[in-house]
Amino acid sequence: MSNSGGAEKVLRYDTIAVSSESTVVSEYVPDAKKQVEYQSEAQLEAEFIKLLQSQAYEFLAVTDSEGLVANLRVQLELLNGITFSDSEWSTFFTEKIANETAGIVDKAAIIQEDHVQLLRREDGSVKNIYLIDKQNIHNNRLQVLNQYEVEGKRANRYDVTVLVNGLPLVHIELKRRGVELREAFNQINRYQRESFWADSGLFEYVQLFVISNGTYTKYYSNTTRNQHLKEAVAQAAAKRTSNSYEFTSWWADASNKPITDLVSFTKTFFAKHTLLNILTKYCVFTSDRMLLVMRPYQIVATERILQRIVTSGNSKTLGTLEAGGYIWHTTGSGKTLTSFKTAQLASRMAEVDKVLFVVDRKDLDYQTMHEYDRFEKGAANSNTSTRILQQQIEDPNKRIIVTTIQKLSNFVARNKQHEAYSGRFVLIFDECHRSQFGDMHTEIKRNFKNYNLFGFTGTPIFADNASTGGNPTLKTTEQAFGKKLHTYTIVDAITDKNVLPFRIDYVNTVKLPKTVTDKKVRAIDTEKALLAPERIAKVVEYMREHFDQKTQRNQTYALKERRVAGFNSLFATASIDAAKRYYLEFARQQESLPAAQKLKVGIIFSFAANEDVEGEGILPEEQFETDGLDQSSRDFLEQAITDFNTTFGQNWDTSSDGFQGYYKDLSRRLKNREIDLVIVVNMFLTGFDATTLNTLWVDKNLRQHGLIQAYSRTNRILNSVKTYGNIVSFRDLEEATNEAIALFGNKDAAGVVLLRPYREYMDEYSKLLAELSLEFEPGQLVVGEQDQKRFAELWGAILRLRNILVAFDEFSSDDSLTPFVIQNYQSTYLEIYATLKRDTDADKESILDDVEFEIELVKQIEINVDYILMRVKKYQESRGDGEGDKEIRADVMRAVDSSYTLRSKRDLIEAFINSLNLESDVDNNWRDFIQAQREKELEALILEENLNATETRTFVDRSFRDGVVKSSGTAITKILPPVSRFSPGAQHGLKKQTVIEKLEAFFERYFGLGS
């Protein structure tokens, strides 16, 4: 055809950006027919495969590696229109596809970034070989196989796998109806340990996993599973982040209704265009090598914006509200990822010249740049001046630009006539509830002619929560950006477990005069009364007394290769004056404490108009310059920054650049859990994300979107210990909270958004304790897998409830479990866990494989080494006292047995006790003993595995310094003995894995012993 080139171009861009087929179905109505008969796992699998075949998946009757590889060759030949010679295929397969040095992350990179590989043909020519066609997705062929057999550490047989062009890219693990869904997740983890790497390692190409028990079905990405396993191995530094079961996702329709049944899930998620769109367009491989798969509401929002870009061009509505719209996705639901993918796909559309991502403050510019950089290095070309912005706008190669609304406004003011205004621009406003609906917004819209204007917000401005001043035609989000294109509320997010619910304490620290709460009293007079010195002192005293409890400081986990304890918090105060007073009171109350016992308290504020009276509670914007501060406040801030500099070895100040540097450094240290508490007025209460924040202390009037924004700093998912966002309010915000939740959820939202009342959790806890004490005696040896499973599930449920209850002040007096009983039950729980680990190592299958052990929660009630040494001293003093001697020794060993981290050190502690005499200095002897034992065992490990002694010692020292064994990178390879490249199979990889496991066991054994 003469016009084939043009047609191809149109098709290419259509498939990248927008298709007539929506990836997410607009509304799914399941079949009325219900499953009534018992369905075995085999029957469920057969029904699933039959359904895939009806959707044009080819069934492949292959159950071994030889057949899988042969089929891959055929499929790639069909996709690429070539025939490999045997020699070409052998070279291409071993070097490009099944390179034994490539792991899961490397193979994810091939699919996501390098899906076109070069083949050097026998005649010397070079040809591009597509592993997957991302331009024309229906060129890809889908097949399904089942019961694939592989022999790794243990023989495994996989349920169902979807092949794309012969590569296993989606794996489905099924359990019969009634079995807990988590068991399928755990089984996939076992496959990774035991066999995904076996044979040619093709199953390490799996990008997405689907788990189902027929009734419930979820999906997640490959690096979620991979990271979960890596972290589970190193239990001494264990964390559960975005790699645990908590981060698996529901599929849903466009109205956010979950599609959970396997039949419904298969008809929607496994529709060919949907699955291929997800694999080719809606996965993001981040710069830190993690594969993120978008959730359905994120995909819907992206496609609705892309569709609006196309239809506005066709209907000639560019430059009007009809060409734009806004996305209401609740705070914490991943708006940055959604807006990034939207910007990326929009920038590839033929009709679009540039995408401007517009933020309204320097901190968001900074934060968004880092997020964009994480998603794709260099995708966002940020700018530090209006001049640079102009250069980027004029550069046709700069497709995505991140800028602030202020810089964009300056560009418009300085360039009243610019040829760029006639170009096709897509403007995306981040957090548009805070974008200035004023002159700047109007000027930008007046000058750009052919634009699409979109906004993302977690808390839209409606008529109900609009301010009273300003332009009456720019009051609401809809007036500024156009119609709402998609909604995902806080109720949706909490229901889906994408963010956490809130738990709110209202603490009345000092009885205030009735006149203070009289609505006739001016707000400013009320604030003065609330700043009484005795009240300030009581609030700080309460915060200090309850800080460890609220931030769960008795729990440690790994964060960015460091071990940290618990979480951190923000303290929202009503004014700069209040912030200053609280900062001074913390300093006064902590003055005489040793440094190790002091909370690290920071403070930040800057000038904001009308910040002194918060009648509306709407969090006014603060500036990033300190010039507007009165001299007293600026001097105070200068001294507070000096305190920060002293603590962290920095050199910030209140100058323009110095203050911005201080903001960024304080922000970074909050995210890294290096600071305990930051006192704020408005800063950090909107647009700031730190997963380590779990508590917001509030002495400030908040309402509507300001309240939801502030509360939402605390409810990002991090690990299994963090189960809710903690709000401790020193004001009565109950009515304001209920109103805000109703406005941004629905009238019944409070039941979802807020944690249940204390008594409900306590009743459930008491019921489980009654069952436990009836079925199992404390310290009883539990025999038989069925009873072991029952005990493990029961104690795990109790631990999960305790994790919630410990934050309630009344729990300490209501808890009927004594430390003695806890230790006994804990010992039993850990013994069952140890038995499972031994059986796994011995290649035995067990029904306990599918139990999710709450090791992170076990650590919350652990005994530490200091306690043990204290008890050892008592034992030493009691030597010769017969019964007392035995009792204390038994107490020490029982405490050790109840501690997850100390159990692996039991023989060390027992040997140390046996080495003591009456004259021994327990503390010094302990350090010497551990140092000698550690060196002896390390030397044995080096000899046993023939390791490089110098590099191994360096590696081990660094691991103890950082609190984690880093199993990736070049450091681990330096310690390994040289392996002949002619050695059979994956000898090098097996050796490396063996050494890593032994080093991790060594690390777990000696970490935290003070050696």
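Our structure's up above, just so we're on the same page.
Since this is a predicted model, take the numbers as computed values, not measurements.

Asks: Just give me the short version of the overall build of the chain, but keep the residues and values in it.
Replies: Of regular secondary structure, the chain possesses 38 helices and 24 strands. Per-residue burial for the chain yields a buried fraction of 57% across its 1011 residues. When contacts within the chain are restricted to residue pairs at least 6 apart in sequence, long-range pairs at least 24 apart make up 74% of them. Total accessible area computed for the chain in this model is approximately 42,200 Å², and 49% of it derives from carbon and sulfur atoms.

Asks: Break down helix α23 (residues 704-711) for me, with residues and values.
Replies: Among the eight residues that make up α23, eight are buried, leaving the element largely enclosed by the rest of the structure. Among the residues making up α23, those that are buried are Gln704, His705, Gly706, Leu707, Ile708, Gln709, Ala710 and Tyr711.

Asks: Describe the pattern of salt bridges, naming the residues involved and giving the relevant values.
Replies: Within this structure, the stated rule accounts for 40 salt bridges. As a salt-bridge pair, Arg535 and Asp699 come within 2.8 Å of each other at their nearest N and O atoms. With a gap of 164 residues between them, Arg535 in helix α19 (residues 533-551) and Asp699 in strand β23 (residues 693-699) connect regions that are remote in the sequence. Take Arg535: its relative accessible area is 2%, and that puts it in the buried class. One network of salt bridges, in which partners are shared, links Arg503, Asp505, Lys550 and Asp809.

Asks: Quick rundown of the nonpolar core? Include the residues and the values.
Replies: In this structure, Ile97, Val170, Phe269 and Phe270 are the most contacted members of the largest nonpolar core, which totals 105 residues. Considering each element in turn, this core owes the most residues, seven residues, to helix α10 (residues 296-315). Dropping the residues within four chain positions of it, Phe270 is found in contact with Phe48, Leu52, Gln55, Tyr57, Val162, Val170, Ile172, Val210, Phe265 and Leu275. Counting residues in each nonpolar core, the second largest holds 98 residues, with Phe411, Tyr451, Phe571 and Phe744 among its members.

Asks: Could you give an account of the sheet that holds strand β8 (residues 217-221), naming the residues involved and the relevant values?
Replies: Taken in spatial order, the six strands of this open sheet run β1-β4-β5-β6-β7-β8, and their pairing is mixed. Whereas interior strands pair on both sides, the edge strands pair on one side only; in this sheet they are β1 (58-59) and β8. In this structure, strand β7 (residues 208-212) lies alongside β8, joined through five bridges in antiparallel fashion. Looking at the pairing, Ile211 lines up with Lys218 of β8.

Asks: So what's going on with the packing of helix α20 (residues 576-590) against helix α21 (residues 631-648)? Which residues, and what values?
Replies: Where α20 contacts α21, the axes come no closer than 11 Å and their chain directions differ by 40°. Classified by the angle between their axes, α20 and α21 sit oblique to one another. The two elements α20 and α21 meet at a crossing, and its hand is left-handed. Mapping the contact onto sequence places Ile576, Lys580, Tyr583 and Leu584 in α20 and Ser632, Ser633, Phe636, Ala640 and Asp643 in α21.

Asks: Pulling in residues and values, what's your account of the packing of α23 against helix α24 (residues 734-744)?
Replies: At a minimum axis separation of 9 Å, α23 and α24 run at an interaxial angle of 95°. What the angle tells us is that α23 and α24 run roughly perpendicular. Residues Gln704, His705, Leu707, Ile708 and Tyr711 of α23 form the contact with α24, whose own contacting residues are Ala736, Thr737, Ala740, Ile741, Leu743 and Phe744. Class assignment of the residues belonging to the contact of α23 with α24 gives a composition of eight nonpolar, three polar and no charged.

Asks: Could you give an account of the sheet that holds strand β12 (residues 354-359), with specific residues and numbers?
Replies: Taking strand neighbours across the sheet as the criterion, the six strands line up as β13-β12-β14-β15-β11-β16 in an open arrangement whose pairing is parallel. Strands at the two margins of the open sheet, each flanked by one partner only, are β13 (400-404) and β16 (484-488). Strand-to-strand twist in this sheet, taken as the mean axis angle between neighbours without regard to direction, amounts to 15°. On top of the sheet, helix α13 (residues 386-394) reaches β12, β13 and β14 (424-429); it is set at about 155° to β13, its chief contact. Each of β12, β13 and β14 touches helix α14 (residues 405-414); the most contacted strand, β13, lies at about 95° to it.

Asks: Can you tell me about the pairing of β7, naming the residues and giving the values?
Replies: Of all the five residues making up β7, five are buried; the element is thus mostly covered by neighbouring parts of the structure. The alternating pattern of β7 places Leu208, Val210 and Ser212 and Phe209 and Ile211 on opposite faces, both of which are buried.

Asks: Residue-level account of the packing of aromatic side chains, with values.
Replies: A complete count under the given rule lists 46 aromatic pairs for this structure. Between Phe84 and Trp89 the ring centres are 5.1 Å apart and the planes differ by 55°, which places this aromatic pair in the tilted class. Using a relative accessible area of 3% as the deciding quantity, one classes Phe84 as buried. Judged by centre distance (6.1 Å) and plane angle (35°), the ring pair of Phe791 and Tyr825 falls under tilted. Taken together, the positions of Phe791 in helix α27 (residues 785-805) and Tyr825 in helix α29 (residues 819-841) put the pair 34 residues apart, joining distant regions of the chain. The class of Tyr825 is buried, set by a relative accessible area of 3%. What links up through ring pairs into an aromatic cluster is the set Phe48, Tyr219, Trp251, Phe265, Phe269 and Phe270.

Cut-offs and rules
- Residues numbered from 1 in each chain as written.
- Predicted model: local features only at pLDDT ≥ 70, side-chain atom pairs only at ≥ 80, totals over all residues.
- Heavy atoms only, no water.
- Helix = DSSP H or I, 4+ residues; strand = E, 2+ residues; numbered from the N terminus.
- Buried < 20%, exposed > 50% of the residue type's maximum accessible area, 1.4 Å probe, protein only.
- Contact = heavy atoms within 4.5 Å.
- Areas by Shrake-Rupley, 256 points an atom, 1.4 Å probe, with all protein chains shown as cover.
- Salt bridge = Lys/Arg side-chain N within 4 Å of Asp/Glu carboxyl O.
- Core = buried A, V, L, I, M, F, W, Y, C linked by side-chain atoms within 4.5 Å.
- Pairing = 2+ DSSP bridges.
- Axes fitted to C-alpha atoms, helices over the stretch in contact; angles between N-to-C directions.
- Parallel < 35°, antiparallel > 145°, perpendicular 65-115°, else oblique.
- Left-handed = near helix turned anticlockwise from the far one by under 90°.
- Nonpolar A, V, L, I, M, F, W, Y, C, P; charged D, E, K, R; others polar.
- Phe/Tyr/Trp six-rings, centres within 6.5 Å; stacked < 30°, edge-to-face > 60°.

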